[in-house]
Amino acid sequence: MPAAAPTPKAVLHQRFGAKARYTVEEVREDMGGCPGLAPQTRSVYRCALDLPGLSVTTPGTFLRKKDAEQAAAQIALDKLGIQPATNIPSTPEEAWDELIARISGFLVDENFLSSSHPLVGHLSVTLRRTGDLIGRIPMSAVAACDMKVNTLCKVIDPKAEFDPLLILSLIYNAAKQSPGVFVSDNNFWIQSQKPYSLEAVDLALKRWSDMSDPIEVEAILVPCVLEDEPKTVRINLQHNEHYMGYIAAKLSVIDSSHVLVSRTIGKASSEIRLYFAAPNVQFVSDLSKNVLACHGDGNINCQVNKRASYISGQTIYGDAILANIGYTRRDSELHTEDVNLCTYYRILLGKLPDGNYKMSRDSILAAELPSVYSRSSWKGLCPRDLLCSFCRLQRLPEPHFAVSRVSASCEVVGSAASSEEREVPLKTVENQYTNDVRINKENPDMFKCKVKIYSRKQEILLEYSAADTSSKESDAIQNSALKVLIWFNNYFKQLNTKMDNPSLSECTHHFKVHLNNFMQEFAMCFSVYGKTGGNDSRMCSAVGPSSMDTPKQQLENSATLTHIEGPDSGVFPTHGSLTCISYTASLVMKDEAKIYLLESNNEFEFEIGTSAVSYQLESCVTQLSVNQTACFVAEPPPRDLILAAVTEFSHDLSKISRESCFLEFSVKVLQVTEPLEDRMEKALFSPPLSKQRVEFAVRHINELHATTLVDFGCGSGSLLDSLLEHSTTLEKIVGVDISRKGLTRAAKSLHQKLSKKSLMQTSVPSAVLYDGSITDYDSRLYGVDIGTCLEVIEHMEEDQASLFGNIVLSSFRPTVLIVSTPNYEYNPILQRSAMHKEDEPEENTGPCKFRNHDHKFEWTRAQFQCWATELAVKHNYGVEFCGVGGSGEEPGYASQIAVFRKMKRDQEEICLNNDHDQPYELLWEWPNA
């Protein structure tokens, strides 16, 4: 089946990119009506299109916006004389004949000189020459300027798509057979056999103006040897000289005819290309062979430039120059732009799985690819678009998405599916979004999405079978695309560790990797990312992380705040909250009074707890309240990442060393939007559920006359902080959590209330915070009066929640343990009450979502009671069930609670503490010991 012709908008986008700007105007059109009644009208649209050097407006109106835009694009194409590529020959023989005719048309037909074709720009320069060089252009200029020539070459030999040298061979052989065309036997020049008329030459020179002044253009030399770093070179373009001659001089080749040109790199509207020297070759004119053979006995330099080849997706030989110079349809003179190291490393960054996300957020140093997808809080390019872009940049086919319907019932909770779960493939879901499909009201559907990644040879590389389900097909696609992106991201990070053989298992975590195909397809990636120059791999990794092997906790702990400014507003970012910040990232030289601004962002929004920013930045943000500003310093990222991020490129930056500088962030918290879970609870309950849980705990504390309390999973200390505001019998409160940044926030809050300067009077004389896992036993907390674990276990895996229950009841042995967790059966009420009108779900959209995407599970009442009862019986505790939020009638309380009480016969048990069982780190203590 032949490919569909590109739309007018698509053709313009290929040539102009974002420079093509559409403005659609809505107007009301009179549709007439019955006499005596108000006239009927409808909305119609007209479109204005602005291009460099051209503006058009549709003469009529259209019922749809997209029809108006396509009409404006077609008008622009007609005025520019641009015809979409159509009627591509289907056989190599037909393509060969057309290639011969096309090359002849370029050079023989004098009418061609009056067109806006970019090749005329090359001709116009050479027509200003004298002697034998007049009208003579490099053959590679033909391939660089005409997409149809490249397409014909690919039909003749598909390998031509990836080898500019093979394209040059085909053009050379076709030119030798083109009537009226002369080619050299010793060089790669091409020209018309007959001189052009003076009138044709005059038209060409008028259409394509010459340079009035010399131009200096920056470019990048990409060395063939991987140990040599790319560096900036300057190309001085002089009046009436062909620019490829200057590039030839930089490459130390005979003349510009020996310079090969890659396809464009980056945006479709860009003229950035790689230029490299053609190896000494013998051209084979026999069409059936289409091969190139290197002369000599192996001493000829035919070494592949792996970095340049990886960037362009084509085979590049020897040293190459990355430059943005050329003739385009939209310019009447030579187009030039500087290409510096910032440009080079941004191109390289864009080929990484998370690179496009970083650049779509305009935040290279701060942003990270989030670990979860949420329609309400996702920022930047969506996961599906990111995965498609990644595959395109790796020259792979589009990812294959296959959505299947999973029949589910409301009793299916968490990741455990019922025995009646079944998958039904949908008919039209490959590589496109589809409308949600519902079978019936009683048994709404959920969706899963499988993803397959193929090689250029259409061999399967990677398969992902989703474990989780979504109530919308689009969400299933986005979630699966994100999982695949994260997998690729982890693989590329392995390459950056300079491992000899990256770890790659055939089957793991719902992924199946076809190892032979995969390793063969990504061999070039391994060469570029796995082998880097310099002695410090972290500074010279190919746009890789500077400290990817550093544990998360160590990264969190290294963010020490300085210069905190602004009063405490009391509004802090918490897990799940949508937080907006402004920040600057600067590189500070240790021994010099120099500061380089690398990156700044006035409004950057992300969700706390989704790994959407660096750990250090999130640790800083969660310690600040709204309108507070602070600074923190960190180790500098790799030099190439610095150069990719820099706001204004400075050549001094290319010479820095890791030991001579550090990175400084200045951060201000602008706004905090509460997590969806909190918004839902506040919308329905007064006081909010969080306060009701505190009041529940206070009641049991006073009933028990408890003097010691441990809050397991205390987070930012909200419960401990609230207890200080109540009158209780407590004499010592303890918090335990694994998050250092949460504990830091808790310490700050508790210190404000416990210090002598505090205006609040509290009866609690002692408070302690420990950094540690609640699934580890610490003898210092043995036998406390009361333990609390409020809304914590749902953030753990179910097996970890059971482990916690066993540890706390068998080892810590509190007199009373209070555990609360969301009641899944109450979610429909919460979500309906908190939903904004524009977010209202369709009727019967399937089982309810969890209250927070970070929840690993949410139990029904029966599941929770089963879990708690088994623990109580096993460890000689009694248990009673209650809750807060709602009346307790169907469907139960919003937050269900289990209260474990130690049986009386264990009250006199002997404590066998082991002082060595103290894995927790004392983070903060009041009063100071």
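Refer to the preceding data block for the structure.
All values derive from a computational prediction rather than experimental measurement.

Novice: Sorry, what's going on with the overall build of the protein chain here?
Specialist: Along the backbone of the protein chain there are 27 helices and 33 strands. Every one of the 929 residues in the protein chain was classed for burial, and the buried ones make up 52%. In the protein chain, the share of contacts with a sequence separation of at least 24, taken over all contacts with a separation of at least 6, comes to 71%. Total accessible area computed for the protein chain in this model is approximately 42,600 Å², and 49% of it derives from carbon and sulfur atoms.

Novice: Explain the sheet that holds strand β5 (residues 181-183) here, please?
Specialist: Either a parallel or an antiparallel arrangement is found when strands of a sheet pair, and the pairing is made through backbone hydrogen bonds. The strand order β4-β6-β5 describes an open sheet built from 3 strands, whose pairing is antiparallel. The sheet is open, and its two borders are formed by β4 (137-138) and β5, each paired with just one other strand.

Novice: Explain the packing of helix α6 (residues 147-156) against helix α7 (residues 164-176) here, please?
Specialist: Relative orientation and spacing of two packed helices are given, respectively, by the angle between their axes and the distance between those axes. Two elements in contact, α6 and α7, have axes whose closest approach is 10 Å; the angle formed by their N-to-C orientations is 95 degrees. With respect to α7, the axis of α6 lies roughly perpendicular. Across the interface between the two elements, Val149, Asn150, Cys153 and Ile156 from α6 touch Ile167, Leu170 and Ile171 from α7. In the contact of α6 with α7, the residues fall into 6 nonpolar, 1 polar and no charged.

Novice: I would appreciate a short explanation of the pattern of salt bridges in the present structure.
Specialist: Pairing between side chains of opposite charge can happen when the charged atoms of each approach one another. Counted under the stated rule, the structure contains 25 salt bridges. A salt bridge links Asp67 to Arg64; the shortest N-O distance between them is 3.0 Å. Owing to a relative accessible area of 43%, Arg64 belongs among the partly exposed residues under this scheme. Here Glu791 makes a salt bridge to Arg693, at a shortest N to O gap of 3.8 Å. With Glu791 in the loop between β29 (786-790) and α25 (798-812) and Arg693 in helix α22 (residues 689-704), this pair connects stretches of sequence that are 98 residues apart. Arg693 gets classed as buried once you look at its relative accessible area, which sits at 10%. Taken together, the shared-partner salt bridges in this structure form one network comprising Glu216, Glu218 and Arg234.

Novice: Quick question: what am I supposed to make of empty space enclosed by the protein here?
Specialist: One simple way to see leftover space: roll a probe sized like a water molecule over the atoms. Counted according to the given criterion, the structure contains 3 cavities of 30 Å³ or more. The volume enclosed by the second largest cavity comes to roughly 100 Å³. Counting residues per element, the lining of the second largest cavity draws most heavily on strand β23 (residues 595-607), which supplies 3 residues. Along the lines of polarity and charge, the residues of the lining of the second largest cavity split into 7 nonpolar, 4 polar and 4 charged.

Novice: Just to check I follow, could you spell out α22 for this structure?
Specialist: Residues spaced three or four apart along an α-helix face the same direction, because each turn holds 3.6 residues. Between its terminal C-alpha atoms α22 stretches 23 Å, which fits the 22 Å expected from 16 residues at 1.5 Å a residue. Those residues of α22 lying buried are Leu689, Gln692, Arg693, Val694, Phe696, Ala697, Val698, His700 and Ile701. His705, located one to two residues past α22, shows a positive phi value of around 55 degrees.

Novice: Is there a simple way to think about the sheet that holds strand β21 (residues 561-565) in this case?
Specialist: Spatial strand order, β21-β24-β25-β22-β23: 5 strands in an open sheet with antiparallel pairing. In this open sheet, the two strands that pair with only one neighbour each are β21 and β23. Averaged over all pairs of adjacent strands, the angle between strand axes in this sheet comes to 20 degrees, irrespective of strand direction. As paired strands, strand β24 (residues 629-634) and strand β25 (residues 661-673) are joined by 6 bridges and run antiparallel to one another. The partner of Thr629 across the bridge, within β25, is Lys668.

Novice: Could you clarify how one ought to interpret the environment of Ile137 in this entry?
Specialist: Relative to the elements of secondary structure, Ile137 occurs in strand β4. Sequence-wise, Ile137 and Ser256 are 119 residues apart; in three dimensions their C-alpha atoms are separated by 8.4 Å. Setting aside anything within four residues of it in sequence, one finds Ile137 in contact with Leu107, Leu119, His122, Leu123, Thr126, Val142, Phe188, Trp189 and Ile190.

Novice: Teacher, can you tell me more about the packing of helix α1 (residues 8-16) against helix α2 (residues 65-80) here?
Specialist: The interhelical angle for the contact between α1 and α2, taken along N-to-C directions, is 60 degrees, at an axis separation of 8 Å. When the axes of α1 and α2 are compared, the pair comes out oblique. Crossing angle aside, the handedness with which α1 passes α2 is left-handed. Contacts from Pro8, Lys9, Val11, Leu12 and Phe16 of α1 reach α2 at Glu69, Gln70, Ala73, Gln74, Ala76, Leu77 and Leu80. The residue makeup of the contact of α1 with α2, split by class, is 8 nonpolar, 2 polar and 2 charged.

Novice: Explain the packing of aromatic side chains here, please?
Specialist: Centre distance and the angle of the planes are the two values used to describe a pair of aromatic rings. Scanning all chains against the criterion turns up 35 aromatic pairs. Centroid distance Tyr491 to Phe518: 5.1 Å. Interplanar angle 85 degrees. Geometry classified as edge-to-face. One end of the pair, Tyr491, is in helix α14 (residues 473-496); the other, Phe518, is in helix α15 (residues 515-521), and 27 residues separate them in sequence. Each member of the pair, Tyr491 as well as Phe518, carries the same accessibility label: buried. Ring pairs connect the aromatic residues Phe390, Tyr464, Trp487, Phe488, Tyr491, Phe492, Phe511, Phe518 and Phe522, which therefore count as one cluster. Sitting over the face of the ring of Tyr22, Lys9 holds its NZ or CZ atom 4.8 Å from the ring centroid.

Criteria and thresholds
- Residues numbered from 1 in each chain as written.
- Predicted model: local features only at pLDDT ≥ 70, side-chain atom pairs only at ≥ 80, totals over all residues.
- Heavy atoms only, no water.
- Helix = DSSP H or I, 4+ residues; strand = E, 2+ residues; numbered from the N terminus.
- Buried < 20%, exposed > 50% of the residue type's maximum accessible area, 1.4 Å probe, protein only.
- Contact = heavy atoms within 4.5 Å.
- Areas by Shrake-Rupley, 256 points an atom, 1.4 Å probe, with all protein chains shown as cover.
- Pairing = 2+ DSSP bridges.
- Axes fitted to C-alpha atoms, helices over the stretch in contact; angles between N-to-C directions.
- Parallel < 35°, antiparallel > 145°, perpendicular 65-115°, else oblique.
- Nonpolar A, V, L, I, M, F, W, Y, C, P; charged D, E, K, R; others polar.
- Salt bridge = Lys/Arg side-chain N within 4 Å of Asp/Glu carboxyl O.
- 1 Å grid on protein atoms, 1.4 Å probe; cavity = no way out; pocket = protein on both sides within 12 Å on 5 of 7 lines; lining within 4 Å.
- Points joined across faces, edges and corners; volume = space filled by probe spheres on them.
- Expected span 1.5 Å × (residues − 1).
- Left-handed = near helix turned anticlockwise from the far one by under 90°.
- Phe/Tyr/Trp six-rings, centres within 6.5 Å; stacked < 30°, edge-to-face > 60°.
- Lys NZ or Arg CZ within 6 Å of the ring centre and 35° of its normal.

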